[in-house]
Amino acid sequence: MSSMMFSQDELLDRLQEIDSYEFEQFVGQLWELQGWNTYVTKGADDGGIDVIAEQSTPFSRKQVLQVKRYEPSNSVGRPEIQQYASIRQEKSDVDMVVVLTTGQFTDGAETVAKKLNVKLIDGPQLYNLIDALEAFQLVRSYIDPEADQNKTSQAGFESGTTNTPLQEEDAVAGSRSITEFDGDTEPMDVPKFLPGLIKLRGDIANNLRVLQSQLDSAEEAFHEERYFDAVEKYEEVNRQREELEQEIARYDAGLTHIDNSTVAHLTSTETFTTELSQIVARVNEHSQEAFKIAERVKGLDLLALEVNNLSDSIEDHIEEGDRMVHSGKVERARSKYNVAREMIETVREPLEIYQRLVSAYDDAVIECHEGLSEAVSFSELRSEISSRLDSFEEHLVVAENAAGSFSAGLLTGNSGLFDNDLIEYIDENEDLEFVFTPPRRGFKIISSEGQEEMPYHNPGELHDGSCFLLITDRRILYIVGVDDHDEKRIIEYNQLTDVTASTETPPPSLQFTSIDGTKYITSGMRNHTFDIEPAVNYIRDQLT
């Protein structure tokens, strides 16, 4: 039947007119035209399988098809392909999963189908398949059954018989001349389609040679342990073998319409099928092993990819948490560490499966698999995260138990210091009570002779780093980051005679007076107004 009966768009639109089950039956018949025995499942509980196609010759094969009667603009996505691909894992006798749609596939669906060895047939490819099988009359029988029946009846009435596909062909242009036959053969004895049959014979012979060459290439790839290349080449051999089987079937059908004396001059079908059987035997020798190795390598690659991606993400969260710690964003850092810890639990299952498979598979699989990107110890990562989170808890306890009010985020991260975290300047048996952050120019020392000193600050110059005034149960510490290092001043309580404060007259300040009359003044503490008076009272308690 001529492909001009329907345009591509018209055919795909007309297929929308039949119901889903009829469409599944139609696809089943298409596969039968290709030499398969098919079974169309019924009901919703089909496990994702709409059509089962099987062949017993030249060797046993089984395909399962999922059929989607979509609008041409609708797409089948990646999740559906992943779902259908699992059928091969669930059913060990399935050689190929095919997803066929009258619509199209997303880029993600095509990518994952290639990885999982799922065959995709979209709307345009379905049209080409129908055209190649000359199955447009089959299409009409579904979309317009009454017209098809009338046309068939009228054709039978006029001719009394039906024509084979070969009989519908006129003599092919460029076909061989009749001189191949002996001198007793008269032109009138030769059916008009015989030149086309002779051309088909030549095509079959040539395609067998091409198939032999491609099989040699597949076997070479197998022996060189290029299993993915071998699988691709074996699949191409099988695809062309199916086409060749159809050509041989057409050739055999043509021979049945020629008298025996003429047939004797033509290559027998048995000659072609014998050679094809030899090709099939060679394919069977290594193809299944190549497919098995490639599938196992592909499975390991997917698991390794999942583990590697999770590992990278865990390390990214830890690094980002560390950066937030150094910026004083403790709560956000804690959130990052908690997410990383949850991801470590998530990676446990695929990692265990991966390790179990690696130990079970033979060397041929392992040598083709690239493995994990690097040796990652998730137990070490878990310990690192736990250590960081435990440290946060300790800092929170310090801040909660302190007499003053300050953020636990000040205690960790450099917070403008260079040598240590702020908490590291506090001894283990020391309790931190108040934390002030005066400006650098706000710290001043006045000697008993009245000489004024502003340490760590030169007017007009900019300095990197921050300043902190810490009040503990044992002492007072002034810590400042100076360009690339930390400086520290310690004032012991037994060196002080008095402490005063000013909160009413800005800027708020604290003043400590030592035994020798030296005064230490910290001013500009606008953010600590409510803590200044409690700090004065606390220090006075320490002086008594």
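Residues numbered from 1 in each chain as written. Predicted model: local features only at pLDDT ≥ 70, side-chain atom pairs only at ≥ 80, totals over all residues. Heavy atoms only, no water.

A. Expanded view of the pairing of strand β16 (residues 519-523). For strand β9 (residues 443-446) and β16, the ladder comprises 4 bridges, and the chain directions are antiparallel. Looking at the pairing, Ile446 lines up with Lys519 of β16. Where strand β15 (residues 509-514) and β16 come together, 5 bridges link them in antiparallel fashion. Its bridge partner being in β16, Phe512 is matched across the sheet by Tyr520. As consecutive antiparallel partners, β15 and β16 are separated by 4 residues, and within that stretch Gly517 has a phi angle of approximately 90°, a positive value. (Pairing = 2+ DSSP bridges. Helix = DSSP H or I, 4+ residues; strand = E, 2+ residues; numbered from the N terminus.)

B. Here's a closer look at empty space enclosed by the protein. Scanning all chains against the criterion turns up 1 cavity of 30 Å³ or more. Broken down by secondary-structure element, the contributors of at least two residues to the lining of the largest cavity are β12 (475-482) and β13 (485-492). If you tally residues by element for the lining of the largest cavity, the top one is β12, at 3 residues. In terms of residue class, the lining of the largest cavity is built from 7 nonpolar, no polar and 1 charged. (1 Å grid on protein atoms, 1.4 Å probe; cavity = no way out; pocket = protein on both sides within 12 Å on 5 of 7 lines; lining within 4 Å. Points joined across faces, edges and corners; volume = space filled by probe spheres on them. Nonpolar A, V, L, I, M, F, W, Y, C, P; charged D, E, K, R; others polar.)

C. A look at the packing of helix α9 (residues 194-223) against helix α10 (residues 227-255). Two numbers describe how α9 lies on α10: the axes approach to 9 Å, and their chain directions differ by 160°. Considering their axes alone, α9 and α10 lie roughly antiparallel with respect to each other. Here α9 and α10 pass one another in a crossing that is left-handed. Across the contact of α9 with α10, the residue classes tally to 18 nonpolar, 5 polar and 8 charged. (Axes fitted to C-alpha atoms, helices over the stretch in contact; angles between N-to-C directions. Parallel < 35°, antiparallel > 145°, perpendicular 65-115°, else oblique. Left-handed = near helix turned anticlockwise from the far one by under 90°.)

D. Summary view of the environment of Pro350. Summarising the element assignment, Pro350 is placed in helix α13 (residues 330-360). Of the residues examined, Pro350 reaches a relative accessible area of 7% and is grouped as buried. A sequence separation of 44 residues divides Pro350 from Glu306, and the C-alpha atoms of the two residues are 7.5 Å apart. Residue contacts for Pro350: discarding those within four places in its chain leaves Leu303, Glu306 and Val307. (Buried < 20%, exposed > 50% of the residue type's maximum accessible area, 1.4 Å probe, protein only. Contact = heavy atoms within 4.5 Å.)

E. Seen up close, helix α6 (residues 136-143). Along α6, the residues that are buried comprise Phe136, Leu138, Val139, Tyr142 and Ile143. Looking straight down α6, one finds its buried side chains confined to an arc of 155°; they lie on one side. (Arc of directions from axis to C-beta.)

F. Representation of the sheet that holds β15 in the model. Taken in spatial order, the 5 strands line up as β10-β9-β16-β15-β14 in an open sheet, and their pairing is antiparallel. Pairing within the sheet leaves two strands with one partner each, and these edge strands are β10 (452-453) and β14 (496-502). Across 2 bridges, the pairing between β9 and β10 is antiparallel. From the neighbouring strand, Ile445 faces β10, where its bridge partner is Glu453. Together, β14 and β15 form the strand contacts of helix α16 (residues 529-543), whose direction differs from that of β14 by roughly 170°.

G. Quick peek at the layout of surface pockets. Each pocket or cavity is described by its volume, and for the second largest pocket that value is around 290 Å³. As for the second largest pocket, its lining consists of 15 residues, of which Lys298, Asp301, Leu302, Leu305 and Glu370 are closest to the centre. Residue contributions to the lining of the second largest pocket peak at 7 residues, all from helix α12 (residues 269-326).

H. Structural detail: the side chain of Thr41. Summarising the element assignment, Thr41 is placed in the loop between β1 (37-40) and β2 (51-55). There is a polar contact of 2.8 Å between the side chain of Thr41 and the backbone oxygen of Ile49. (Polar contact = N/O pair within 3.5 Å; in protein donor to acceptor, adjacent residues only side chain to side chain.)

I. Spatial organisation of the confidence of the model for the chain. With 83% of its residues at a pLDDT of 70 or more, the chain shows a mean pLDDT of 81. Across the chain, the secondary-structure element scoring lowest on mean pLDDT is helix α8 (residues 165-168), at 34, and the one scoring highest is strand β6 (residues 104-105), at 94. Scored below 50 in pLDDT, residues 149-190 makes 44 contacts in the model with residues more than four places away or belonging to other chains. (pLDDT = per-residue confidence, 0-100.)

J. Here's a closer look at the sheet that holds β2. Strands sit in the order β1-β2-β3-β5-β7 across an open sheet of 5 strands; the sheet is mixed. Single-partner strands in this sheet number two, and they are β1 and β7 (118-121). Between one strand axis and the next, the sheet turns through 20° on average, direction left out of account. Where β1 meets β2, 4 bridges bridge the pair, whose relative direction is antiparallel. Residue pairing for β2: Tyr39 is matched across the bridge by Ile52.

K. Geometry of the pattern of salt bridges. On inspection of all chains with the given rule, the structure shows 22 salt bridges. Note that Lys199 is salt-bridged to Asp203, the shortest N-O span being 3.2 Å. In this pair, Lys199 and Asp203 both sit in helix α9, 4 residues apart, roughly one turn of the helix. According to the relative accessible area criterion, Asp203 is partly exposed, its value standing at 30%. When the shortest N-O distance is used, the salt bridge between Arg382 and Glu345 registers 3.4 Å. Placement of Arg382 in helix α15 (residues 378-401) and of Glu345 in helix α13 is noted, with a sequence separation of 37 residues between them. Here Arg382 falls in the partly exposed class, since its relative accessible area comes to 26%. Taking the relative accessible area as the measure of exposure, Glu345 reaches 39% and is therefore partly exposed. It is possible to trace a salt-bridge network through shared partners that takes in Asp427, Glu430, Arg474 and Arg475. (Salt bridge = Lys/Arg side-chain N within 4 Å of Asp/Glu carboxyl O.)

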